[in-house]
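The chain contents come next:
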Amino acid sequence: LVLVVDDEYGPRESLRLILDRQYDVATAESAFVALQELEQRTPDVILSDIRMPGMDGIEFMVQAKERCPNVPFVIITGNGTLETAQEAIRAGAVDYISKPYRVEHIREVVARSIQEARSKAEMARSVERLREMKANLAVQMEELERKASLGELSAELVHDLNNPLCILQGYTALLADSIADTPTPDEGDNHRVFDIIREQIKRCSELTRNFLEYARGGGNRWESLQINNVLRDTSFLLRVRARALRITLKEDFAADLPPVRGQRAPLQQVFYNLVVNALHVLEDTGGVLRLASRRVRTDDGREAVQVVVQDNGPGIPPEIRDRIFDSFFTTKPKDKGTGLGLPICQRVVTAHKGSITFESEVGRGTAFFVTFPVLEESERPGADDASQGRSAHRRSGTPLQPQEV
Ligand SMILES: Nc1ncnc2c1ncn2[C@@H]1O[C@H](COP(=O)(O)OP(=O)(O)OP(=O)(O)O)[C@@H](O)[C@H]1O
Ligand SMILES: [Mg+2]
């Protein structure tokens, strides 16, 4: 809509004729009528004569701007009054046209004014969007920082726990000797109880050692790794949490896996993130979480080692499946998830020249597959780690379906 304001009938109607093929045109014969019109609707541009009885164009512009500050204002001047035109521009008009009218020039000025106002509005919206995104990021940063400091604190705490644990270990060793020296009638029982205490103390120190290694991010150098060992460490870290949530953590490690080239700590983080995600979907219902490793062949026929993290939870809804690897994509409330778990997994796995994929069925569960190329024979160290596959039975080559768990 173009609003034309001029006290003279002739110029007013000729502007209407020039413009009404392209625009809706409303006219007003005075600034007062025009201001009333502005109460009703907001035009895309206002063209106003500068010299009018009652209220002149400049005063009208000032008042119009109060009502609709974003509508561009074009001043119409009589011939030879360049100075007043400049004054109008200084007062806030975007442009001016002078009488007598040149049709092309008028169309151009009107089109340009509307276009510029639209770009400006668009720009303002973009700035607003950016501002919102910035505010969001700030919140997320704060949350991350909080988590980071929490991590540091707990590392210190665990580290300090290590000292009393060492002392306990020392004293139990001493006691063990003296119990052996002084047999008592209920000796059998004492020994059993005592063994439990020692066993549990040992577990505590293993837990702390494991946690500290993870927290320090130690193990960032590239080495030849038995993936099962990394999996075992991960499962060790999370077993207690799983049990507390009544989730069965099933280990299913292939015994004959060749080594892969990798960084221990980042890989542990990958498996950790995947297992935590699975624990999360099972936490209200309980369920089965299967952590498996097996030998596979990649599409191009190369030998590979594959880790499977599988749950029998609710599955991933199809409509979010292509977004779960996006940074900050999460379906969890703010204090539960940042949406960085999977993108981190992807980054680490890619750095290992591997791949991460998943299969999911709503109502049945989800399986994530992390596949690593195997070290060539020539890249392998001499002796294979004998402890590999300690608690495993062989399952390589078995196809995995979510319903299997
Ligand atoms: N096993 C799973 N079952 C169902 N949905 C899953 C599973 N794993 C991931 N998702 C979905 O993918 C989303 C993204 O996961 P991601 O690990 O990247 O972030 P997050 O777990 O939400 O937060 P964060 O890991 O940063 O704490 C999750 O919010 C969830 O909706
Ligand atoms: Mg996660």
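The rules we used
Residues numbered from 1 in each chain as written. Chains lettered and ligands numbered in written order. Predicted model: local features only at pLDDT ≥ 70, side-chain atom pairs only at ≥ 80, totals over all residues. Heavy atoms only, no water. pLDDT = per-residue confidence, 0-100. Contact = heavy atoms within 4.5 Å. Helix = DSSP H or I, 4+ residues; strand = E, 2+ residues; numbered from the N terminus. Buried < 20%, exposed > 50% of the residue type's maximum accessible area, 1.4 Å probe, protein only. Polar contact = N/O pair within 3.5 Å; in protein donor to acceptor, adjacent residues only side chain to side chain. Pairing = 2+ DSSP bridges. Core = buried A, V, L, I, M, F, W, Y, C linked by side-chain atoms within 4.5 Å. Near = heavy atom within 4 Å. Areas by Shrake-Rupley, 256 points an atom, 1.4 Å probe, with all protein chains shown as cover. Nonpolar A, V, L, I, M, F, W, Y, C, P; charged D, E, K, R; others polar.

### Quick word on the confidence of the model for the protein chain
Here is step 1: Of the residues in the protein chain, 89% have a pLDDT of 70 or more, and the chain-wide mean is 85.
Here is step 2: Confidence over residues 383-405 falls short of pLDDT 50; this stretch has 56 contacts with residues more than four positions distant or in other chains.

### Concerning the side chain of S360
Here is step 1: Considering the arrangement of structural elements, one finds S360 in strand 11 (residues 355-361).
Here is step 2: With relative accessibility at 16%, the residue S360 sits in the buried group.
Here is step 3: Of the polar contacts made by the side chain of S360, one reaches the backbone nitrogen of I316; its length is 2.7 Å.
Here is step 4: Those residues in contact with S360, other than ones at most four positions away along the chain, are G315, I316, R321, G365 and T366.

### Description of the environment of G363
Here is step 1: Assignment of secondary structure puts G363 in the loop between strand 11 and strand 12 (365-373).
Here is step 2: What G363 contacts, discounting residues up to four positions off in sequence, is G313, P314 and G315.

### Here we look at the pairing of strand 10 (residues 303-311)
Here is step 1: In terms of burial, strand 10 is a largely internal element, eight of the nine residues being buried.
Here is step 2: Note that strand 9 (residues 287-297) and strand 10 share nine bridges and pair antiparallel. When the bridges of strand 10 are listed, L289 appears paired with D311.
Here is step 3: Hairpin connection from strand 9 to strand 10: five residues lie between these consecutive antiparallel strands, with G301 at a positive phi of about 85°.
Here is step 4: For strand 10 and strand 12, the ladder comprises eight bridges, and the chain directions are antiparallel. Bridging across to strand 12, Q306 finds its partner in T371.

### Details of the nonpolar core
Here is step 1: Residues I227, F271, L274 and L289 are the most contacted members of the largest nonpolar core, which totals 43 residues.
Here is step 2: Of all the secondary-structure elements, those providing two or more residues to this core are helix 7 (227-244), strand 7 (247-253), helix 8 (264-282), strand 9, strand 10, helix 9 (341-351) and strand 12.
Here is step 3: With residues near it in sequence (within four places) discarded, L289 still touches I247, T248, L249, K250, V275, A278, L279, L282, V309 and Q310.
Here is step 4: Of all hydrophobic cores here, the second largest spans 23 residues; its members include A26, A28, A34 and M55.

### A look at the site of ligand 1
Here is step 1: Looking at ligand 1, there are 21 residues lining it, with N277, T330, T331, K332 and T338 nearest.
Here is step 2: Contacts to ligand 1 include L340, whose backbone N or O atom sits 2.8 Å from an oxygen atom.
Here is step 3: Surface burial for ligand 1 is 91%, taken as the share of its 600 Å² of free accessible area covered by protein chains.
Here is step 4: Contributing elements (two or more residues each) for the shell around ligand 1: helix 8, helix 9 and strand 12.
Here is step 5: Of the residues forming the shell around ligand 1, the biggest block, three residues, is contributed by helix 9.
Here is step 6: In the shell around ligand 1, the residues fall into nine nonpolar, nine polar and three charged.

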